Structure formats: structure tokens, C-alpha cells
Amino acid sequence: MNSRALRRAVGLHSRAREAVYGYDFARARARLEQALAVLDAAPDPSDAELVPTRVRVLVTAAYADSEIGLDLGLSRLNAADDLVPHIVDTALRTELTGLLLEQRGFMLIRAGRSDEGLQVLEESARVLETALADGIGEPSVLAILYLNRGFAYIMGGHPDAATKELNRCIELTERYELDETIGYKARHNLGYVAYMSGDMPTALRRYEDNARLCRQRAISLLPVVLLDQARAMLAAGLAEEAARTLDEALPLFRKQRGGQDLAEAEIARAAAALLDDDTGLALRRARVAERSFAKRGNNRWAAIAALTGVRAQTKTALRTGRVRQALVDQAVKLAETLRSLALEDETALALLLAIRLELRRGDPAAAEVLLDMVPRPRSTTPIDHKMLLRLCRAELAVARGRSRSALAEARAGLDELGRVRDRMGGMELVCGTALHGQELGDLAVRLVLHKPRPEGRQLFGWLERTRAQVYRYEPLPAIDDPIVAEKAAELRALRRAVQTYRIAGRPAQKLEKQTTALEREVLRLGWSASTWGSPRPVAGVDEITGALGDRALVSLATSGGALVAVVVTRSRVRMVRLGSSAVADENAARLHADLDALAPDTLPQPIIDVVRGSASRSAGGLDAQIIQPLLDLLGDRELIIVPTGGLYAVPWGSLPSLRARPVVVAPSATAWFGAFTSSTTAGRAVLARGPHLTGQVAEEEMLRAVYPDAVTLDGDRATVAEVLAALDGAELAHLAAHGEHEPTNALFSRLELADGPLFAYEVARLRQPPRQVVLAACELALNYVRPGDEALGYAGALLASGVRTVVAATSRVGDESAATAMVDYHQRLAAGVEPARALAEAVAEDPYRRPFICLGAG
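Residues numbered from 1 in each chain as written. Predicted model: local features only at pLDDT ≥ 70, side-chain atom pairs only at ≥ 80, totals over all residues. Heavy atoms only, no water.

1. Some details on the overall build of the protein
Part 1: When helices and strands are counted, the protein shows 37 helices and 16 strands.
Part 2: In terms of overall dimensions, the protein is globule-like: its C-alpha atoms have a radius of gyration of 31 Å, near the 29 Å expected for 858 residues.
Part 3: If one aligns the C-alpha atoms of the protein with their principal axes, the spans along those axes are about 100 × 70 × 50 Å.
Part 4: Among the 858 residues that make up the protein, the fraction classed as buried is 59%.
Part 5: Pairs at least 24 apart in sequence give 72% of the contacts found in the protein among residues at least 6 apart.
Part 6: When the accessible area of the protein is evaluated, it comes to approximately 33,900 Å², of which 49% is carbon and sulfur surface.
Part 7: Where the 106 positive side-chain charges of the protein centre and where its 109 negative ones centre are 3 Å apart. (Helix = DSSP H or I, 4+ residues; strand = E, 2+ residues; numbered from the N terminus. Rg over C-alpha atoms; globule rule 2.2 N^0.38 Å. Buried < 20%, exposed > 50% of the residue type's maximum accessible area, 1.4 Å probe, protein only. Contact = heavy atoms within 4.5 Å. Areas by Shrake-Rupley, 256 points an atom, 1.4 Å probe, with all protein chains shown as cover. Lys, Arg positive; Asp, Glu negative; His and termini not counted. Charge placed at Lys NZ, Arg CZ, Asp CG, Glu CD.)

Structure representation (C-alpha cells):
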């Protein structure tokens, strides 16, 4: 009598489950309400045959409704619990009992009640495992239980237990050929385990693999994958890329109407805004998330969202110096709430924020009381939390007049950060970690500078400890990843196709979109593919003085808006204050803009005269502020300059006091020492020319006369494969090609060759990179500086990959100027002049239109 209603309810329930798996909770709820209405309208709604179906519908409705509020979802489960005793079939009653327990445990975990949820899941596992062994029940229910228990262990900070549960889920999914979405979720959560354990390359690789599968197969898990991928990016200091990833995920969550995940994504987006110093956006996002969690009855996550808001307010207060007692009280009260919710790391963070606020208010006694309340860090505590604890201890020591203790905390913290950095693998991940130690390093430098008689040796040591750490790593002899190589080749073909379409006047929008998507995928794969080698120790001042010979090294730094220099020669180390860093940065930016404007070969003479005059004033200003105060210490020595911030854009040969003086630019003294002392072997010269250049830029005829035995590649022969084969083991490579720097991953900055881009990553894979690379037709020097003076760019990637010396332009350069400068340079080089001197003499012929610098060893 009820068979028709039963069939219809089962069909509606099946479609509702599909909607739930697709994270379309609104559609799922609509179908489930229809199914319940059909059962209620059955000719005999009390018929025992309808009870199991009603229970299954209520279980699914509980999950869908929990996205609105936990209490609503639990009420559905309570209604189902009341029905189970009325099921006549013992096996079916056992199966549905296990299902109810599993769903209840999962919902409790999602609501932040992990301990309670785990207890319920343990009971459910006993029921379901026994039933499945007897041939009763659906294997998918047990697989999902393992998945949810793994998630609970992740949230509880138990990575080994989580891994065990997730592998159980995968094994069961494969054995019974269950819905592939369950296996995807388990593999995705293994990425989260790697993230928890600090293995960011593995986490990012797993997330990227899962994201690719979700896109290919239109799997609705994609926004969840993107959310966790962004969290790993944030931990690695990649704020911009994390923000882009979250901006892709948030609309997908809104479309699916997934309240919990959407609110979690809002918190992550707030965290990305915090790293980007956008405290206003961070606070708005955090408050949206807090309201959403509060509405859902999820107190744990509401408190986490509130903590993100307090972080934003604290950052603003510390920056402006306006610290309200109410904000301190809010942080302390929030810490009490977080402690009651068993959120140890978050409790510590709230207290640390209150400590910094109290110190800024001038109350170290209150700060000391709070510091005693901070829980000890765990193995899974995020590195940025650990660095904040070190910073609070150091700042408290400063407030108590114990500078030596503060420096000891800074040293220990940076050593701890270094151990994390050593596990990061890819170049961008190594650079990103500097963000977490920036304030600690700045504090140490500030303490040294504020001494009555600052010691140049001590300042030099701290600068080397805190800057350009990526250049400390020995590049591996080969970096070989077939997936990245395949994707790079695919990207090269796509970019070539786009170019062909444009030339033919055909619309290329679809190809351009595919190219952009593939570029992002290749860049992200590169984070884990480009594993770096073992770290070299920071070079000590005695090692540097022993290697300098008749040279002088000038290490520039900023602290508190002041520019300082540490001058190192064979016989002494001196610190010199150089005035306002803002003035120096402004002159550097003006000079850079002037030289860009001066680059075109066809400028009218009146414009040349005006722009040259402006450039001369900017260069003169830099010279008067930075170089002239040092001349008594420098004498007529050759220089190694370690810039900072905006000064990386300075073509030093354009400064009057440095005309024709050999200058080498290095990211750090350690980087220079590593390049200078590296072994080299003689090899061939390579002259390669990319497409779309004028005849002069390649300087072909004259350079062939200078290097008659060189391997020459141009036209269709200048392919990526041919150029790479020629570069391997070369002594000198002259590359005349247009290029582009990739700010999110320097290893994928590129030079355009006949068949597409040559990535810096591919040069890094060479068995023996060239001893010297000349980038003749583009501004690809160290033109992107991240926190910690991590200077990147195509040239930076080459240096970090083992190239000893790179010659490149800091600004745009005209074709004719580049051609004549390079001919002058190579003629001197072939005559036996060292690279730095040869370049200095070539640039001195026309310093404002030849903005080349010598990087590395010189």
C-alpha cells in the first residue's frame, strides 16, 4: 500500500545525498523536506516498512541542517534515534544505529566538540565494524567514519593517529570500489596532516594534485581543497597567493551554501589580509565569520574568529601606538574563553597579543604575569605562534633592561625558524618563512644600533643572520620532476599558440585563459618540485675579511627609518649612519623611473637632456647620502655592495663616486662568499638570441668575432632544449631575449626563446650551470624584494641555482645602448679583465643608458 510513497521518498533521498556530496545544502534540504512530506502523506505513515527510510532521510537532513545550526541538526538525529527501536529487522537496526552514531560524532567534531565526537565515533566503529564483518551494512558508512575520525585527530593535533585513520578509509574505499569522493577527501586530509607536521612542500603538492583532479572531474570538493591549500600557503608566508586562492574558493562556497566551510574561509582570508597589513579587511572578514559561527552555535570556531579580529586590532594598535585598556581586557577574556574550549595554541596567541599590548602601554609587570599563563608550545604549534612567543620574551627583556637576554631570545628564535626553513624545499617557500621572523630580526638589529657604541662586527652578524637566507642553500646537482617538466612543456606550447593566434589576428581569449590557469598550476607545483639542498652556515666576519683581499664590502640596512652601513675591509669593520632610509628610497625610485624613461633609442635630444638632468640629480643625491660618507673607509677599493629594500634597484655605476669603479652586488655577504669561493671549470661560450629583437640587441657579428668558437643559437635553433643543452657546463652564456619576472615564484621567471619561455627553474636543473650568465635585453636583476631582504628575480634564481656571476639590467635599456654596452663588456672580458671591472668600464661610457650591474661573485 505504501510502496509508491516509499519509492518516491527513496528517490528524493538519493538526489538529496548527491546534493550533499556536491555541497549544495540548500537543494539537499529542499529534497529532504519533500521526502519527509511524501512519507508523512503515505496511506499508512506508521507502517514499519517506512521507518528505515525515514531514519536515513533524517540522518542526511541532520548533516544538511547542521550547516545552519548544530542544534537543528542534532534535533533531527534525536528524532531518528526515537524511531530505531521500531525497526523489526535486527541487522538493519544495527546498521542504522551505527549510522546514527557516526553522524552524531561527525557533527560534534564539526562543531568543535572533538573529544565528545571521538567517543561517539569509537562506539559507532565497534557497531559498524562488527556488522560489516557479518555482511551487514554499507562499507561507505564505515569508510566515512574513518575519514571523520581522521579529521578529528587532525583537529586535535595527533598526526600519526590521523594518518592511520585516513589510510584505513582509503583502503576500504578501494577494496569495495566506493564513491571516489570519499577517497579524494581522505587523500586531501593526508595533505592536512603534512601541513600540521610542518611539511609544507608535501602538503602543497597533495593539495595541488587534488585541486587538479577536482577541476578535471568537476568534483565539488574543490573549494575545500582550495581552503586548505591557502592555509598551507599562509603558513609558508605566501600571503598574495593565498588571497588569490581564497578569492577563488569563497564564491564556490557561497554557491554551495556551506555555512561552516564558508565561515572558515572567511577567517583564512582575514589571515591573508593580516599578512598583507590590511587590518581593516582582516577585521571585517573576521567579524563576518564570527557572526556566522555564532548563528550556527559553533562556539569554538566563533572564538577562533574573534581571535582573528583581535589580531587585526592589535596590529593596528601597535602600529599607531594607541593602545586601549579595553583591547587588552578583550584579549585576556578571549584567552579564558579559548582555554575553556581546550584550544591551547589559540589561548597562547590571545595571551601573547595581550602581552605585546601591555608592553606598549608601558606595563611590563602585567606582561610578565600574562607570560606565565601562556601554555607551552606543542610540536604542532604553528611557527608564527612560536616566533611571537620569542618576540614577547625578547620585548619583555628589553623593557626590563636585559638586552643580552633579548638578543639570546632573538638568536634562539631565528635558529628555530631556520630549522623550519630547512624543511621548506622550494625557493619561494624558503623565502616566505622570513616573514615570520621579521619582527624578531628587526628587534635584534635595533638593539645593536641603540647601544651607546654600536659594534660593527655584531651588527654585521645580525644582518647576515636575518637577510637573504635563500642564498645560503647549496643547490642540488639536479632537480628532476617529470610532472613539472611535462606541465612546463605544455605551458610553453600554449604560450606559443597564443602568440601565433595574435599574429594571425585570431581571437585568443580561450587560450589565454587556459595559459593563465596552467601558469598558476606550474608555479604551485614548483614550490614542492624545486627542492633546495643543505644549508651553508652564515659567513662570519673573519671569513669575509679573509676573502676580501683588496676589496671592501658595504652592507646596507634600515632600522627605525634610518639607513646604516657596515663597511668591512681586510683590516677593520666599521658602522656608519647614513640618514633617512625614506630619502634614499625616494632617490632610488626617481632614478629608476628616470632611467626607464631614458631607455628608448629614438628619444629627441631635448627630452634626453631633461631626463638625464633629473637622473643626474637623483644619482647625485644617492651618492652624497650613501657613498661619499664612506669614501675615507673605502679608498679606491673594488666594492661588494649588499643593498636593502628599494636600493636593489640602483645601478651603482651611475653614481658619480662609483664611475668606472668595479662594483659587485650581492644579496648578502654569505651569498657573495659562497659564490666567490665556489669551484669553477673552463668551458665553452654560448650566444643565444630570442625572437622579436632588433638586429643590434643580439650583437651577433661583433660577439662572434670576440668568441669565434662559441655555440651560437638564433632563429628557429634557439629553442629551449637546444639552449639548455648548450648551457650545461658552459663557462659563459650571453642570452639576448625578452623576459619577465614572476613575483610569486622566481624560479618560473622566464626568457622568451623560439619555442616559448625558458624558465629559471630549468636552468636550475642543469648538471653544471654556467659560470657566468649575461642577460642582455631585459631588466631581470634582483627586482623583487620580499620581507627579510629576500631579493628575487631571474638573476636571483640563477644565483641561487649555482651560477657564479650574473650581469643584468636594473631598469629598461634601449636596444642600441644594450648592444654597444655588451660589445664593450665582452671585448674587455675576452681580454682578461674580471667581470666587475669589465662591466664598470663599459657602463662608464654612458652610465644613465647602460643600467647594468654585476651580481654574485664578480
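From this point, things continue past the structure.
2. Focus: the packing of aromatic side chains
Part 1: The full count for this structure, using the stated rule, is four aromatic pairs.
Part 2: Ring centres 5.6 Å apart and planes at 55 degrees place the aromatic pair Tyr63 and Phe106 in the tilted group. Placement of Tyr63 in helix α3 (residues 51-66) and of Phe106 in helix α5 (residues 90-110) is noted, with a sequence separation of 43 residues between them. There is no split in this pair, since Tyr63 and Phe106 are both buried. (Phe/Tyr/Trp six-rings, centres within 6.5 Å; stacked < 30°, edge-to-face > 60°.)

3. What to know about the sheet that holds strand β12 (residues 772-775)
Part 1: One open sheet accounts for eleven strands, arranged β3-β2-β1-β4-β5-β16-β15-β12-β8-β6-β7; its pairing is mixed. This sheet does not close on itself; its edge strands, each paired only once, are β3 (573-580) and β7 (711-713). In this sheet, neighbouring strand axes are inclined to one another by 20 degrees on average, regardless of whether the strands run parallel or antiparallel.
Part 2: Pairing geometry for strand β1 (residues 552-559) and strand β2 (residues 562-568), over seven bridges, is antiparallel. Looking at β2, one finds that Ser559 is bridged to Ala562.
Part 3: Of the strands in this sheet, β8 (732-736), β12, β15 (805-809) and β16 (852-856) touch helix α36 (residues 815-830), which is tilted by about 160 degrees from β12. (Pairing = 2+ DSSP bridges. Axes fitted to C-alpha atoms, helices over the stretch in contact; angles between N-to-C directions.)

4. With respect to a positive patch on the surface
Part 1: A cluster of basic residues, Arg4, Arg7, Arg8 and Arg15, forms a positive patch at the surface.
Part 2: Locating Arg15 in the fold gives a position in helix α1 (residues 3-21).
Part 3: Given the relative accessible area of 44%, Arg15 is considered partly exposed. (Patch = residues over 30% accessible without salt bridge, like charges linked within 9 Å, V, L, I, M, F, W, Y side chains within 5 Å. Salt bridge = Lys/Arg side-chain N within 4 Å of Asp/Glu carboxyl O.)

5. Thoughts on the pattern of salt bridges
Part 1: If you walk through the whole model with that rule in mind, you get 42 salt bridges.
Part 2: Taking the shortest distance from any N to any O, the salt bridge between Glu95 and Arg56 comes out at 3.2 Å. Of the two residues, Glu95 sits in helix α5 while Arg56 sits in helix α3, which places them 39 residues apart along the sequence.
Part 3: Between Glu266 and Arg254 there is a salt bridge, with the nearest N and O atoms lying 3.4 Å from each other. Of this pair, Glu266 sits in helix α13 (residues 259-275) while Arg254 sits in helix α12 (residues 239-256), placing them twelve residues apart in sequence.
Part 4: According to the relative accessible area criterion, Glu266 is buried, its value standing at 7%.
Part 5: Owing to a relative accessible area of 43%, Arg254 belongs among the partly exposed residues under this scheme.

6. As for the nonpolar core
Part 1: Grouped together as the largest cluster of nonpolar side chains are 109 residues, with contacts concentrated most on Ile544 and Phe852.
Part 2: Among residues more than four places away in sequence, those in contact with Phe852 are Leu775, Ala776, Val807, Ala808, Ala809, Val813, Ala818, Ala821, Met822, Leu839 and Val843.
Part 3: Core analysis: the next-biggest nonpolar cluster, separate from the first, contains 94 residues, Val59, Ile154, Ala162 and Leu190 among them. (Core = buried A, V, L, I, M, F, W, Y, C linked by side-chain atoms within 4.5 Å.)

7. Thoughts on unusual backbone geometry
Part 1: Positive phi is not limited to glycine here, since Glu177 has a value of about 50 degrees.
Part 2: Its location among the elements puts Glu177 in the loop between α8 (159-175) and α9 (180-196).
Part 3: On the basis of relative accessible area, Glu177 is assigned to the exposed category, the value being 71%.
Part 4: At Ala660, a residue that is not glycine, the phi angle is positive and equals roughly 70 degrees.
Part 5: Tracing the sequence through the fold places Ala660 in the loop between β4 (639-642) and β5 (663-665).
Part 6: Note on Ala660: relative accessible area 36%, which makes it partly exposed.

8. Quick word on helix α30 (residues 669-676)
Part 1: Counting buried positions along α30 gives seven out of eight residues, so the element sits mostly inside the fold.
Part 2: Among the residues making up α30, those that are buried are Ala669, Thr670, Ala671, Trp672, Phe673, Gly674 and Ala675.

9. Let's talk about the pairing of strand β6 (residues 685-689)
Part 1: For β6, a buried count of five out of five residues is recorded, marking the element as mostly surrounded by other parts of the structure.
Part 2: In the sheet, β6 pairs with β8 via five bridges, with the strands oriented parallel. When the bridges of β8 are listed, Ala685 appears paired with Leu732.
Part 3: Inspection of the sheet shows β6 paired to β7 by three bridges, in the parallel sense.

10. Considering the side chain of Asp65
Part 1: By secondary structure assignment, the location of Asp65 is in helix α3.
Part 2: Judged by relative accessible area, which is 5%, Asp65 ranks as buried.

11. Brief notes about the environment of Val193
Part 1: Tracing the backbone through its elements, the reader meets Val193 in helix α9.
Part 2: A residue is classified by how much of its surface remains accessible, and Val193, at 7% relative accessible area, is buried.
Part 3: Beyond its immediate chain neighbours, meaning those up to four positions away, Val193 contacts Ile154, Pro159, Ala162, Thr163 and Leu166.

12. Describing helix α28 (residues 605-627)
Part 1: Regarding α28, the residues found buried are Ile608, Val611, Ala615, Ser618, Ala619, Leu622, Asp623, Gln625, Ile626 and Ile627.
Part 2: In this structure, the buried residues of α28 make contact with β1, β2, β3, α27 (581-598) and α29 (631-634).

13. Things to note about the sheet that holds strand β9 (residues 739-740)
Part 1: Spatially, β9-β10-β11 is the arrangement adopted by the three strands of the open sheet, whose pairing is antiparallel. This sheet does not close on itself; its edge strands, each paired only once, are β9 and β11 (756-759).
Part 2: Relative to β11, helix α24 (residues 482-503) is tilted by about 145 degrees, and along the sheet it contacts β9, β10 (750-753) and β11.
Part 3: In the packing of helix α33 (residues 720-727) onto the sheet, contacts are made with β10 and β11, and the angle to β11 comes to roughly 30 degrees.

14. Here we look at the side chain of Arg390
Part 1: Mapping Arg390 onto the fold places it in helix α19 (residues 383-399).
Part 2: If we skip the residues at most four places from it in the chain, Arg390 touches Glu409, Ala412, Gly413, Glu416 and Leu440.

15. Topic: the pairing of β11
Part 1: Judged from the four bridges that link them, β10 and β11 form a sheet pairing that is antiparallel. Looking at the pairing, Arg750 lines up with Phe759 of β11.
Part 2: If you look at the hairpin formed by β10 and β11, you'll find two residues sitting between the two strands.

16. Some words on the packing of helix α22 (residues 438-449) against helix α23 (residues 456-466)
Part 1: One can describe the packing of α22 onto α23 by two numbers: an axis separation of 10 Å at closest approach and a directional angle of 170 degrees. Overall, the two elements α22 and α23 adopt an arrangement that is roughly antiparallel. Contacts from Gly441, Ala444, Val445, Val448 and Leu449 of α22 reach α23 at Gln458, Leu459, Trp462, Leu463 and Thr466.
Part 2: Grouping the constituent residues of the contact of α22 with α23 by class yields seven nonpolar, three polar and no charged. (Parallel < 35°, antiparallel > 145°, perpendicular 65-115°, else oblique. Nonpolar A, V, L, I, M, F, W, Y, C, P; charged D, E, K, R; others polar.)

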